[in-house]
Amino acid sequence: MFSFFKKKPQPAVTPPAAQPAPPATPVSVTPEAAPATPSTAPLAARSSWLGRLKAGLRKTSSSIASVFTGTQIDDALYEELESALLMADTGVKATQHLLDELKRLVKETKTTDPAAVKGLLAQALAELLAPLEKPLVIGAQADAGVPTVIMVTGVNGAGKTTSIGKLTRHLSDEGATVLLAAADTFRAAAREQLGVWADRNTVEIISQAGGDPAAVAFDAVSAGKARGKDVVLVDTAGRLPTQLHLMEELKKIRRVVTKAEPSAPHEVLLVIDGNTGQNALAQVKAFDDALQLTGLIVTKLDGTAKGGVLAAIAQERPVPVYFIGVGEQLADLETFSAREFAQALLS
């Protein structure tokens, strides 16, 4: 049902007798075992997911769709569309880019039906979002006996720890051995919350009551290497980018992780709340400047009129979006597809 990440190809092994092993190929991993016979279940699951995504973005899509109910393509239509895109938190730069590209496509295709313009806008949006579409790769360092170290951060309330729990579940379902690091020692009950996810997923966790966050991260990476884990997920404290002393603590955690393993962290993910609109873009810029982000997890894209913020991110700070979420259930977190998101936003 889910295609969360790709594992590094494993070397081919020649079995006994004279039967050569098939060549190793990249694997796109899904949480459920592959069926013995062809099945439409994955397609049905993805269709169900898209339905939830469309429902979550309905406030945004309805406001934009209303622009195309007129009878002609004129300046008034483009002005209304500009207002609708800005209200959806697409941002000034991305909005201007989309309008310019849309006018070019309308002219190029000689489109005269306003309803058809929406399809051209979806095309332009998908092209703008395309650079954000990238899979999370697990196991690139496995040959050296090094786990993939993923550092996860975000402001309080964005869904950071829950997203870590969901990701842990799907990694575990695929057979990856995961070690959690409870380095969020600032927030009350954060360690306990992550511990619940560790118990639920039957994975190990490194934690200290009131311990130094960087020390917890160091111990976790060292333990991950010693125990032969595939992935070490480091949960860091949620904080606002304006809290400079806490942002410095994040930088310290990153430095200490590198001391435990020179090639780590291999991924630095920021969890952002899709409801926060342009503030989400500000968070991406601030955390990227401080930590050199490698990917995003966008949560809570349900019941929001601000779904256009991904266009703003693509235009101004194109950090890959690994996953997007529309609810609290495991099935509500999925890989990001530029085309699907554009279609859902403009359905």
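This text follows the structure it describes.
Definitions and cut-offs
- Residues numbered from 1 in each chain as written.
- Predicted model: local features only at pLDDT ≥ 70, side-chain atom pairs only at ≥ 80, totals over all residues.
- Heavy atoms only, no water.
- Buried < 20%, exposed > 50% of the residue type's maximum accessible area, 1.4 Å probe, protein only.
- Helix = DSSP H or I, 4+ residues; strand = E, 2+ residues; numbered from the N terminus.
- Pairing = 2+ DSSP bridges.
- Salt bridge = Lys/Arg side-chain N within 4 Å of Asp/Glu carboxyl O.

Here we take up the pairing of strand S4 (residues 148–154). Of all the seven residues making up S4, seven are buried; the element is thus mostly covered by neighbouring parts of the structure. The side-chain alternation of S4 yields two buried faces, one formed by Thr148, Ile150, Val152 and Gly154 and the other by Val149, Met151 and Thr153. With five bridges connecting them, S4 and strand S7 (residues 231–236) associate as parallel partners. Its bridge partner lying in S7, Thr148 is registered against Val231. Summarising the sheet, S4 and strand S8 (residues 267–273) pair through five bridges and their orientation is parallel. Paired with Ile150 across the strands is Glu267, a residue of S8.

Pairing is possible between side chains that carry opposite charge, provided their charged atoms lie close to one another. Counted under the stated rule, the structure contains 14 salt bridges. Arg104 serves as the salt-bridge partner of Glu108, at 2.8 Å between the closest nitrogen and oxygen. Residue Glu108 and its partner Arg104 are located together in helix H4 (residues 92–109), separated by four residues, close to a single helical turn. The class for Glu108 is exposed, based on a relative accessible area of 52%. According to the relative accessible area criterion, Arg104 is partly exposed, its value standing at 37%. Of the charged contacts in the structure, one is a salt bridge between Asp288 and Arg317, with a shortest N-O distance of 3.0 Å. Of the two residues, Asp288 is situated in helix H10 (residues 278–291) and Arg317 in the loop between helix H11 (309–316) and strand S10 (321–325); the sequence distance between them amounts to 29 residues. Residue class for Asp288 comes out buried when judged on its relative accessible area of 16%. Under the relative-accessibility criterion, Arg317 is labelled partly exposed at 21%. Salt bridges sharing common partners tie together Glu101, Arg104 and Glu108.

The values are spatial; any link to function lies outside them.
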